[in-house]
There are 2 protein chains.
Amino acid sequence: MNKITIIGAGLSGTLLAIMLQQKGYTVEVYERRPDMRQVNITAGRSINLALSERGLRALQKAGIGTPILQEAVPMYGRHIHLAEGGEQFQPYSGRKDECIYSISRGGLNIALMNKLEAIGGCIHFNQKCMGMDYQEQAVTFQDTKKNKTYTISTEAVIGTDGASSAIRKQMMQQAPRLRFSFSQTYLGHGYKELHIPPKTNGGFALDKNALHIWPRGGFMLIALPNKDGSFTVTLFHPFEGEEGLHALEDTGKAKTFFEREFPDALALMPTFEQDWVNNPNSSLATIKCYPWQVEGKSLLLGDAAHAIVPFYGQGMNCSFEDCLVFLESLDKYKGNWEAIFEDYQQNRKKDTDAIADLAEENFYEMRDQVANPTFILKRKLETLLEQKYPEYYSKYSLVTFNPNIPYSEAMRKGRAQDQWLLEYCETIENTENIDWSYLLKQLQIL
Amino acid sequence: MNKITIIGAGLSGTLLAIMLQQKGYTVEVYERRPDMRQVNITAGRSINLALSERGLRALQKAGIGTPILQEAVPMYGRHIHLAEGGEQFQPYSGRKDECIYSISRGGLNIALMNKLEAIGGCIHFNQKCMGMDYQEQAVTFQDTKKNKTYTISTEAVIGTDGASSAIRKQMMQQAPRLRFSFSQTYLGHGYKELHIPPKTNGGFALDKNALHIWPRGGFMLIALPNKDGSFTVTLFHPFEGEEGLHALEDTGKAKTFFEREFPDALALMPTFEQDWVNNPNSSLATIKCYPWQVEGKSLLLGDAAHAIVPFYGQGMNCSFEDCLVFLESLDKYKGNWEAIFEDYQQNRKKDTDAIADLAEENFYEMRDQVANPTFILKRKLETLLEQKYPEYYSKYSLVTFNPNIPYSEAMRKGRAQDQWLLEYCETIENTENIDWSYLLKQLQIL
């Protein structure tokens, strides 16, 4: 018996299913929504994703890294649009060719579904998970098309059903018995998606190979390139306050606000008014919980276990890395689901907690710090260090480009480096006359 | 229109109803369970409560402090039963007559229900809250006796329905819209209740006026006196491990464990085996959430808003103090429920967070520190300070005996005092030759 039931055919569910199928397991995936290859189900909430080393490594393990990269746009750094009008480019890394990739969530998900079906995996769409009976080891679904409820019995269930996971809700109902600790923390900021189309001649309206940021202290606008020459634009903004998202529901007010704060971006958005009205204000939350598994019968993986805010561009990468870490436990304890699930959650929890914390931190860094002179000097120093010493990794690079270091260690080491460098930057005025080998030595012992 | 619907006729619901009724509001209370005056519904989970100054002040405001104190047993300190066999008394305060009161949850709740009905308040029993419709401002109940579902419309709803609040679950379902942050955190320890009966002649088998503790490092036993001469005993113990609660399900093993760890207590428990089998292993969690109110339509108060672990003896006191703080907002913004609820939650949240954190901390203090020599010296110093300078309050006294200081300030000041005194205790060997006025001065500026 090697039959595994996966709930949710999103990014982590389909990748995990591919990996398990490749290992010889029989995988059945149940998905609440219709098949996105037949029905458009985005509705202004498509936030572009930034694929980086950790996610890429998992895709490569599944043998689909190369075709997926062909659909992505590389971004080599942050292109900053300052409030006073200037622009600035901050490379992500001092190592040549290191970049992150802007990719469409829908396109990537479809590629994963196609691959899974091509190797014999099965996805049942329109099947809503209604709950799980741990005694009977049975899962109940509602076929939302046929409006029919039925129950299947299965050896092991993995819930990859995202931030509002049905499997996790089932665990919440039995919280005292499972001692199921759980937290959801909303930011005071939300987001709204907007759109910059390609130029009339088909080219990109902004520098193509960068993540654009308009940092403004209490809020910010970002833009990520799409393969077709357009940019997906996102405003991260407080809900409350005189010019908060609620107050800006009036499109006229919103336009006035953009004219003052982001005139260059607004000039590139001919559908600003429609997009502003049609696209929802979405909220941002961090979700943590533990345990992830119940008696070797069910396991949470991906966003179902740890939803994070998008500010480190690591949500998808973390979920893909989950799959790799899970495979290690699977190989170690073949067939013993309780041991596999237990080993996995014990290995992985500290790292998903770390990236959740780093992602919240990075929100404040992107919003408040990227235009700060000391911060800019520090970033310059880090880039030069990485150019001179490819073995050196800044905090951002540890998280983004060095999958050999777990998130928790990247956080510890990265924070220590940041603190040391910020203090050092207070003592210098520019990057001339620096004793680089002394710097490297000081940073290496942290 | 001054009609208020309260969900939950527990301690905070009934006290709040009394206070509102006394202010001229019309209050209807809906309670899920049967009337405890007619049906026994405790089932081995009655943890005795320790009433202290904050709770008492609220009861006095409602004019029922005096009759309730007559049913309580005063406790003047911790009576420690050491592992090596000795005993020790640590007074709670250096001020004469300051004590906390052991009281039965059931008896207190009944007294509050009787009072509420005596002044014209109405309690509907066996009415389970099924949900709330914020658009229609309507609450749906199931009458569990008649098995009938119905809906009422109401001006304002206050959920005092405890740690598993139905009103809070309703908010969880709309979490993204409300940006409802929530956390539940389980301790690795649980508890089981046991019983020491009165002596055959009717007297108390242990010192009557103390809270008894058998601290053992990783676990502890406590006992609180009851008016009838018995003690309610509680084992706080890890669930996992070779001698954890799960492993001790075997009563023989449990008895062996008690014979080794608590022989003096075991000798006083003739029904140990029955109690061990019949009483459940209960879990312990801290619950925090925010916001507490929705658009002036509903509000969470008491455990529904902030369940805490029992180790500071403040759960009930905090919920009673909630009622007092709520009355202030009520008087300030008469009739404007949104302003009342908003003012209340903004004033109160920091203090309930503080007592939640203090209660978790105190678990480790009671379990690990009360037998530690430096800690004992510090406690002795604090008691002497309070004797010499009645205006001085230790952290414990700030929380327990000084309701004029909010919990958040008690935490800040108390922690600073603790740290200073612990460092000072490292430099002395006993309490002789101490410059008391210097000590007081150092502590007063913290």
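See the structure printed just above.
Worth saying up front: this structure is predicted, and the values here are computed from it rather than measured.

Q: Give a detailed account of the interface of chain A and chain B, specifying residues and quantitative values.
A: Every contact between the two is made by 17 residues of chain A and, on the other side, 17 residues of chain B. Across the interface of chain A and chain B, roughly 1300 Å² is buried in total on both sides, 48% from carbon and sulfur atoms. Considering only the side of chain A, the residues that lose the most area to chain B are Arg179, Gln184 and Tyr186 of chain A, jointly responsible for 49% of the buried surface there. On inspection of chain A and its partner chain B, the count reaches 2 salt bridges. At the boundary of chain A with chain B, the tally comes to 8 residue pairs in polar contact (both at pLDDT 80 or more). Elements supplying a minimum of two residues to the side of chain A that touches chain B: helix 6 (175–178) and strand 13 (181–196) of chain A. Looking at the side of chain A that touches chain B element by element, the count peaks at 8 residues for strand 13 of chain A.

Q: I'd love a proper account of the pattern of salt bridges, names of residues and values included.
A: Using the criterion set out here, one finds 57 salt bridges over all chains in the structure. The residue Arg260 of chain B makes a salt bridge to Glu261 of chain B at a minimum N-O spacing of 3.1 Å. On the basis of relative accessible area, Glu261 of chain B is assigned to the buried category, the value being 17%. The network of salt bridges with common partners includes Glu361, Lys378, Arg379, Glu382, Lys395, Arg415 and Asp418 of chain A.

Q: Tell me about the nonpolar core, and please be specific about residues and values.
A: If you look at the biggest cluster of nonpolar residues, it comprises 145 residues, and the most contacted ones within it are Leu15 and Phe326 of chain A together with Leu15 and Phe326 of chain B. Not counting residues within four places of it along the chain, the set of residues in contact with Phe326 of chain B comprises Leu16, Leu20, Ile158, Leu299, Leu301, Trp337, Ile340, Phe341 and Tyr344 of chain B.

Q: Account for the packing of aromatic side chains, naming residues and giving values.
A: Two numbers describe a pair of aromatic rings. These are the distance of the centres and the angle of the planes. Residues and elements named next belong to chain A. Enumeration according to the criterion identifies 53 aromatic pairs over all chains in this entry. A centroid spacing of 4.2 Å and a plane angle of 15° characterise the contact between Tyr30 and Phe141, whose relative ring orientation is stacked. Here Phe141 lies in strand 10 (residues 138–143) and Tyr30 lies in strand 2 (residues 26–30), a separation of 111 residues in the sequence. Classification of Tyr30 by relative accessible area gives buried; the value is 7%. Three or more aromatic residues link up through ring pairs in this structure, and these residues are Tyr25, Tyr290, Trp292, Phe326, Trp337, Phe341 and Tyr344.

Rules and cut-offs
- Residues numbered from 1 in each chain as written.
- Chains lettered and ligands numbered in written order.
- Predicted model: local features only at pLDDT ≥ 70, side-chain atom pairs only at ≥ 80, totals over all residues.
- Heavy atoms only, no water.
- Contact = heavy atoms within 4.5 Å.
- Buried area = accessible area lost by both parts, 1.4 Å probe.
- Salt bridge = Lys/Arg side-chain N within 4 Å of Asp/Glu carboxyl O.
- Polar contact = N/O pair within 3.5 Å; in protein donor to acceptor, adjacent residues only side chain to side chain.
- Helix = DSSP H or I, 4+ residues; strand = E, 2+ residues; numbered from the N terminus.
- Buried < 20%, exposed > 50% of the residue type's maximum accessible area, 1.4 Å probe, protein only.
- Core = buried A, V, L, I, M, F, W, Y, C linked by side-chain atoms within 4.5 Å.
- Phe/Tyr/Trp six-rings, centres within 6.5 Å; stacked < 30°, edge-to-face > 60°.

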